[in-house]
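The primary structure of each chain is shown beneath.
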Amino acid sequence: MRYHAFLLLLPASLAFQLPFNIPFFTRNDTLVKAEQQTEGNDVPRIAIIGAGAGGSSAAFWISKAKERFNLSVEVDVYEKASYIGGRSITVHPYHNTSLPPLELGASIFVSANKNLWRASDEFNLTRRLFAQGGRTSIWDGEEILFTFGDGWWDTLKAILRFGVTGPKRMQQIVKTAVEKYLTVYSSEAPNWNNIFDLSAALGYSDMVNHTASSFFLKSGVSRRFAFELVEGATRVNYGQNLDTIHGLGGTLSMATDDARGIEGGNFQIFEQFLKRSGANVHLNTLVSVNFIEKGTGAAPFHSTGIALPVSLANSIPEQPYVHLHVTLLTTTSPTPNPAYFGVSVSSALSEMTLTTYEGVRNGKKEPQFNSLSYHGLVREGEWAVKIFSKEKMSDEVLNELFQGKVGWVYRKRWDAYPELKPTTTFPPVKVDHAFFYVNALEPLISTMETETVASRNVVDLLLNEQFGTGICGPLTSSQDSTGNVTRVEAEGFVLGWDC
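Since the model is a prediction, treat every value here as computed from it, not as a measurement. (Residues numbered from 1 in each chain as written. Predicted model: local features only at pLDDT ≥ 70, side-chain atom pairs only at ≥ 80, totals over all residues. Heavy atoms only, no water.)

A. Spatial organisation of unusual backbone geometry. Phi at Asn124 takes a positive value of approximately 55°, unusual for a residue other than glycine. Mapped onto the elements, Asn124 comes out in the loop between α3 (114-122) and β6 (127-129). The residue Asn284 is not glycine, and still its phi comes out positive at about 55°. Residue placement: Asn284 occurs in the loop between β10 (280-282) and β11 (289-290). (Helix = DSSP H or I, 4+ residues; strand = E, 2+ residues; numbered from the N terminus.)

B. Quick look at the pattern of salt bridges. Under the criterion given, the structure shown has 24 salt bridges. Between Arg118 and Glu122 there is a salt bridge; the shortest N-O distance is 2.9 Å. Of this pair, Arg118 and Glu122 are both found in helix α3, four residues apart, which corresponds to roughly one turn of the helix. In this structure, Arg411 and Asp395 form a salt bridge, with 2.6 Å as the shortest nitrogen-oxygen distance. Of this pair, Arg411 sits in strand β18 (residues 406-418) while Asp395 sits in helix α14 (residues 395-401); the two residues are 16 residues apart in sequence, bridging distant segments of the chain. Among the residues examined, Arg411 registers a relative accessible area of 32% and is labelled partly exposed. What emerges from the salt-bridge pattern is a single network uniting Arg223, Glu231, Asp243, Glu358 and Arg361. (Salt bridge = Lys/Arg side-chain N within 4 Å of Asp/Glu carboxyl O. Buried < 20%, exposed > 50% of the residue type's maximum accessible area, 1.4 Å probe, protein only.)

C. Structural detail: the packing of helix α2 (residues 53-69) against helix α15 (residues 448-467). One way to put it is that α2 packs onto α15 with a least axis distance of 8 Å and a crossing angle of 45°. Regarding the angle of α2 to α15, the classification is oblique. Here α2 and α15 pass one another in a crossing that is right-handed. On the side of α2, the interface is formed by Ala53, Gly54, Ser57, Ala58, Trp61, Ile62 and Ala65, while α15 contributes Met448, Glu451, Thr452, Ser455, Arg456, Val459 and Leu463. Split into classes, the residues belonging to the contact of α2 with α15 amount to eight nonpolar, four polar and two charged. (Axes fitted to C-alpha atoms, helices over the stretch in contact; angles between N-to-C directions. Parallel < 35°, antiparallel > 145°, perpendicular 65-115°, else oblique. Left-handed = near helix turned anticlockwise from the far one by under 90°. Contact = heavy atoms within 4.5 Å. Nonpolar A, V, L, I, M, F, W, Y, C, P; charged D, E, K, R; others polar.)

D. The arrangement of the packing of α3 against α15 in detail. Between α3 and α15, the least distance of the axes is 8 Å, while the angle of their chain directions is 95°. In terms of orientation, α3 lies roughly perpendicular with respect to α15. For the pair α3 and α15, the contacting residues are Lys114, Asn115 and Leu116 in the first and Met448, Glu449, Thr452 and Val453 in the second.

E. Up close: the pairing of strand β2 (residues 45-49). The buried count for β2 comes to five of five residues, which makes it a mostly enclosed element. Where β2 and strand β3 (residues 74-78) come together, five bridges link them in parallel fashion. By the bridge assignment for β3, Ile49 is matched with Tyr78. Each parallel crossover has a hand, and the one from β2 via α2 to β3 is right-handed. (Pairing = 2+ DSSP bridges. Right-handed = clockwise from strand over helix to strand, strands pointing away.)

F. View of the confidence of the model for the protein chain. On average, residues of the protein chain score 86 in pLDDT, and 84% of them reach the 70 mark or higher. Here residues 10-38 scores under 50 on pLDDT; set against residues more than four positions off or in separate chains, the count is 77 contacts. (pLDDT = per-residue confidence, 0-100.)

G. Layout of the environment of Glu263. Locating Glu263 in the fold gives a position in the loop between β9 (260-262) and α11 (267-277). Residue Glu263 is classed as partly exposed on the basis of its relative accessible area, which comes to 48%. For Glu263 and Thr126, which are 137 residues apart along the polypeptide, the C-alpha to C-alpha distance reads 5.5 Å. Once residues within four sequence positions are removed from consideration, Glu263 is found in contact with Thr126, Arg128 and Gln268.

Written as structure tokens, this is what we have:
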């Protein structure tokens, strides 16, 4: 058996153990039997490590190339966990499958996320619209600063508090960034060998070089609007404050209009990617990788079980992740406890509470959570609630928040997102010959959708390197890492799905 290529797709928190021989790697002798079953098979093989958004979509993109160009290649997907979906997984309240499932991880995508949108159509999955028309509050740890909805009175209050210029400027920044991003689905989409060039090609360099706070303030967004409303968005979407996250992360945190999810769980998209890819999927498979070379260094992959040669280790900057606590619970309290927020019992509290770190900057206590949101009824008189927090939410705090009316509780600690700090340094997309790293994109943009875009790019590079063709045919000799290939583009064209 020969492995033609190796795609590295897992976040830096997971561990690998390759049950096969490829140059520079040692095999796991406990899995020799699995390897022997394919001895004598000369069909090239591609190994994909991880069955989340990146890994499952990579297998799917390869299957598209196989279908279109009659490529002869086998794909093996190895996943440490017992399920497909990575950071997309659901749980049922009380472990009762008759009750509606709740997203424990990645929850939403939007119409600008064309791969997930197209997949849900192609796979006949039902998109559900997240509840609209509710109210949202901004909490600083001691005081509710602002509450808004979608009524005319809320619009007037917002104008009085934030003015008109700042919000409009923010809206324009988001609109421009999304329009630039959408070019990755067009017939003129670039292929990229490094993330720095991609960032420049999309016009994101200035955003990524600065914190969101500095970028927005110099762009004409008012401080109050930025550090109250926008920071509320960065804390719920990325668990990071406005003065630490880079400008692109802050901008995309505000691009969540028309948010959708898949009825029954987003993981179904990734299951379908793999089902339709024809790949061999190995769940509950731990993978470790070791280059056979003197002078290997731990590198930032030390937590994954990978030991890289020093020459490669030095090219890969360490990528810390945000440690996020997710608490799902059910409660018979239709709203949080007014006393916890220091308001009167008669006060109408919001379905969604976002938080700002601005109170801490001004000497107040830190909020105990990043966000708190109600997610509808699980049964008559009992609501589902999701809380994101930096620290574990204790039973005592939960009872205080919901006046002791807590039923079921489920807690999960995720290495949820990369710390999106301002940077000009990114991991390499191509680590070595036939060895690619999809998550190199994560320090720039980290979403379910962008993992599918990154995997499309890597599959294109890999297939062209190894087989002389890509998902939509060979890259032209004149095309560099950010060059374009002109393709015929019909209405609704999405690169990869269409060619």
